[in-house]
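# Reading the structure
In case you want the letters, here they are:
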Amino acid sequence: MSVPHVLLALLSEGPKYGLQLREEFEAGTGEVWPLNVGQVYKTLGRLERDGLAESDGTEQEGPQKRFRITVGGRQALVGWLRTPPDLTSPPRDELVMKVLVAARVPGTDAHEVIQAHRVYALELMQQWTRLKEGEARDDLSLALVVDAELFRLDAVIRWLDAAEVRLERAAAEPPRPASAPVPVPQLRRLGARR
Amino acid sequence: MSRAGRGGDSGNTVAVLELHDVSKTYGQEPARVYALAGVDLSVRAGEMVAVMGPSGSGKSTLLTIAGSLEEPTSGDVLVCGMALAGMPRARRARLRRRVIGYVFQDFNLLPGLTAAENAALPLELDGVAVPRARAAGLAALEALGVADRAGWFPDQLSGGERQRVAIARAVVEDRRLLLADEPSGALDSVNAGEVMRLLHEACPRGGAAVVVTHDAQLAAWADRVVFLRDGRVTGTTTRPPGPESLLMPGEIR
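These notes cover the structure that comes with them. (Residues numbered from 1 in each chain as written. Chains lettered and ligands numbered in written order. Predicted model: local features only at pLDDT ≥ 70, side-chain atom pairs only at ≥ 80, totals over all residues.)

### Some words on unusual backbone geometry
All names here are of chain B. Threshold: Strands here are runs of E lasting at least two residues and helices are runs of H or I lasting at least four, both read from the DSSP assignment and numbered beginning at the N terminus.
In this model, Glu29 is joined to Pro30 through a cis peptide bond whose omega is 5°. Position of Pro30 among the secondary structure elements: in the loop between strand S1 (17-26) and strand S2 (33-43). Despite not being glycine, Asp230 shows a phi value in the positive range, around 50°.

### Details of the environment of Gly18 of chain A
Basically, it comes down to this: Around each residue's C-beta, the other C-beta atoms within 10 Å are counted; 20 or more make the residue buried, 12 or fewer make it exposed, and counts in between make it partly exposed. All C-beta atoms are placed from the backbone.
Looking at the element boundaries, Gly18 of chain A is found in helix H2 (residues 18-28). Residue Gly18 of chain A is classed as buried on the basis of its C-beta count, with 21 C-beta atoms lying within 10 Å.

### Here's the deal with helix H3 (residues 37-49) of chain A
Residues and elements named next belong to chain A. Heads up, the condition is: Each helix should span, by expectation, one fewer than its residue count multiplied by 1.5 Å. Think of the arc as the fan of directions from the helix axis to the C-beta atoms. Here the contact rule is simple: place C-beta atoms from the backbone, and any two residues whose C-beta atoms are within 7 Å are in contact.
With 13 residues, H3 should reach 18 Å at 1.5 Å per residue; the first-to-last C-alpha distance of 18 Å fits that figure. All of the buried residues in H3 are Val40, Thr43, Leu44 and Leu47. Looking straight down H3, one finds that the buried residues subtend no more than 105° of arc, so they occupy a single side. For H3, the exposed residues set more than 90 degrees away from the buried face come down to Gly38, Lys42, Gly45 and Arg49. In this fold, the buried residues of H3 make contact with helix H1 (3-11), H2, strand S2 (53-55), strand S3 (66-69) and helix H4 (71-82). Following H3 by one or two positions, Gly51 adopts a phi angle in the positive range, close to 75°.

### Side note on the pairing of strand S3 (residues 48-52) of chain B
Residues and elements named next belong to chain B. Quick note on the threshold: In this scheme, strands are said to pair when DSSP sees at least two bridges between them.
Counting buried positions along S3 gives five out of five residues, so the element sits mostly inside the fold. Side chains of S3 alternate between two faces, with Met48, Ala50 and Met52 and Val49 and Val51 buried alike. Relative to strand S8 (residues 208-213), S3 is paired through five bridges, and the arrangement is parallel. Across the sheet, Ala50 pairs through a bridge with Val211, a residue of S8. Pairing of S3 with strand S9 (residues 224-229) involves four bridges; the strand directions are parallel. When the bridges of S9 are listed, Val51 appears paired with Val226.

In structure tokens, the structure reads:
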């Protein structure tokens, strides 16, 4: 999870207090990801335990405590920036499952199912775009976050488009002989993954 | 005359564009091809509607019919309450020049004219006196942030600037209906978004826009998205809640 490393990144600019870290975290991520103050202190505690950050050393708890990054913390931060996140697909993408199932359940209009999901994804995109129109104009962090969401949803819609074309083609083609079976999605195997 | 007089200026209650059961077919039975099959669409003043669909879905046909560049096989098209069917050719041409603005994929600026001359062109073609037309063209360039390019020729402009000039030409002197076909052309995604922002902003008080695109990111700029497939409307977005609802998706773990 990225919260500890974002905090390390903020500390790499200089020593900071917990409340300040929370504010800067939210501002730096376009205020799209709220972070409660308890979580900030819990994470700082862990960073301290692991030797990645240190506090002023006073016994005072809470907002009086100032934190700074350690050499180990800087190394951890640099390493994290260059480590690719896990981009493998989720074990069971719910939308993919729905479309796979819609294609098989008798009496289901797969196009209608696809269309419903497409409309929903586009409505979400419209909402994100409204942000782009307003606040994100002058807020680089927010603009980057909004773009990421838009590209992700755009990919969903493109996949739905492609799925629709495939279903249409499959419906138009005569069934192949048994010797060359049509590759049917194997729901059982997918479901068993992980 | 009376037809125009009744609907023309009765304000925001009249839809800027209405399609009623519009069909467009090519060829004869049994080989008849439906480009549009019974499309209903109403675009209110101030509204930007995106029409989205795969190639061959009929979206470009819809736009050319809305812009009176092509006639439907059946059904009615009304612009600002005026029915296009039966409208004398000259009146229709005037409507195209004064009420409707077009933005094309490849910008379609005339290479021999400066940015200001391009922007003023629809007015000059309509017989507006040159000084007044030029002033309006300049004002449109100003609104789109390219007034400093007024004296430049299209081939001296960047892609983004060219598209701004094209939009300026489409909105010059407050046209009521803006029609755009894949208006971002070959621009990169950030610049393409900028074009959509400008179109949305240019969607002037009392005006409306219809943008045809296959790109969901561009369609998302619209107030409403209509999905077209095989010449039929297969769905439409409902007005989504405000962006506030996105801002608190919950705590991060």
